[in-house]
Amino acid sequence: MANEKKVYTGTGRRKTSVARVTLTPGKGKVTVNGQDVHEYLPYEVLVMDLMQPLEATNTKELFDVDAKVTGGGFSGQTGAIRLGITRALLEYDSTTPADSENSYRKILKKAGFITRDSRKKERKKPGLKKARRAPQFSKR
C-alpha cells in the first residue's frame, strides 16, 4: 500500500455536460477525454476558467488532472470540469477542519466554485418560436 498513489475523484455538472474528474499526485498535467487540455478546448479563456480552483488553492503543480466529459458544448464542459476539480480538491482536503483559515473549502467557497451553476436551457412553449420568443405581431 505504501507505493500506491491516492486518487481523488469529483463529479461536476453544468447545463447538459457531466464530467468525471480524477486528481492523482503528479506534475500538473491536465487531460480531457484522453487529449491535452490545450488541444481539446479551442479557447485559452476556457482553459484558464478550468484551472481556477487549482490556482486558488496553489495546487497547480501538485496534481495531474484527468477528466472524462460528455454532453453539451465547450463552455458547459469547462464548467463541469471546474466543479469536478473543486469537489476532488475538497475530498483531498477533507481532513482539514472547514472553519480553519487555510482550508480549501473556505478558499473555494469564497471564490464561488463550490456552488453548482443550475442554469439550463428553458423548454420551448407551444405557440412560441422559442422558450419566450413570440411570433411577430401583425396588426393587419
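Before reading on, note that the structure itself is shown above.
Residues numbered from 1 in each chain as written. Predicted model: local features only at pLDDT ≥ 70, side-chain atom pairs only at ≥ 80, totals over all residues. Heavy atoms only, no water.

Participant: Can you help me understand the pairing of strand E5 (residues 63-70) in this one?
Facilitator: For a regular strand, the rule is simple: side chains alternate between the two faces of the sheet. Side chains of E5 alternate between two faces, with Phe-63, Val-65, Ala-67 and Val-69 buried and Asp-64, Asp-66, Lys-68 and Thr-70 left unburied. When strand E2 (residues 17-25) meets E5, the two strands line up antiparallel, connected through 8 bridges. Bridging from a neighbouring strand, Val-21 pairs with Ala-67 of E5. Taken together, the 3 bridges between strand E3 (residues 30-32) and E5 define a ladder with parallel strand orientation. Pairing of Val-30 across the sheet is with Val-65, part of E5. (Buried < 20%, exposed > 50% of the residue type's maximum accessible area, 1.4 Å probe, protein only. Helix = DSSP H or I, 4+ residues; strand = E, 2+ residues; numbered from the N terminus. Pairing = 2+ DSSP bridges.)

Participant: Would you take a moment to explain the pattern of salt bridges for this structure?
Facilitator: It is possible for side chains bearing opposite charge to pair when their charged atoms get close. According to the stated counting rule, one finds 8 salt bridges in the structure shown. The salt bridge partner of Asp-66 is Lys-68, with a shortest N-O separation of 3.0 Å. With relative accessibility at 26%, the residue Asp-66 sits in the partly exposed group. Glu-122 serves as the salt-bridge partner of Lys-125, at 2.7 Å between the closest nitrogen and oxygen. One network of salt bridges, in which partners are shared, links Arg-14, Asp-117 and Arg-119. (Salt bridge = Lys/Arg side-chain N within 4 Å of Asp/Glu carboxyl O.)

Participant: Explain helix H2 (residues 44-56) here, please?
Facilitator: An α-helix turns once per 3.6 residues; consequently, residues spaced three or four apart project the same way. Taking 1.5 Å of rise per residue, 13 residues should cover 18 Å, and H2 covers 18 Å from first to last C-alpha, within 8% of that figure. At Leu-50, H2 is bent by approximately 40°, the largest bend along its length, and proline Pro-53 sits one to four residues beyond. For H2, the set of buried residues is Leu-46, Val-47, Leu-50, Met-51, Pro-53 and Leu-54. Elements in contact with the buried residues of H2: E3, helix H1 (37-40), E5, helix H3 (74-92) and helix H4 (104-111). One or two positions beyond H2, positive phi appears at Asn-58, with a value near 55°. (Expected span 1.5 Å × (residues − 1). Bend = angle between axes of the 7 residues up to and from the residue. Contact = heavy atoms within 4.5 Å.)

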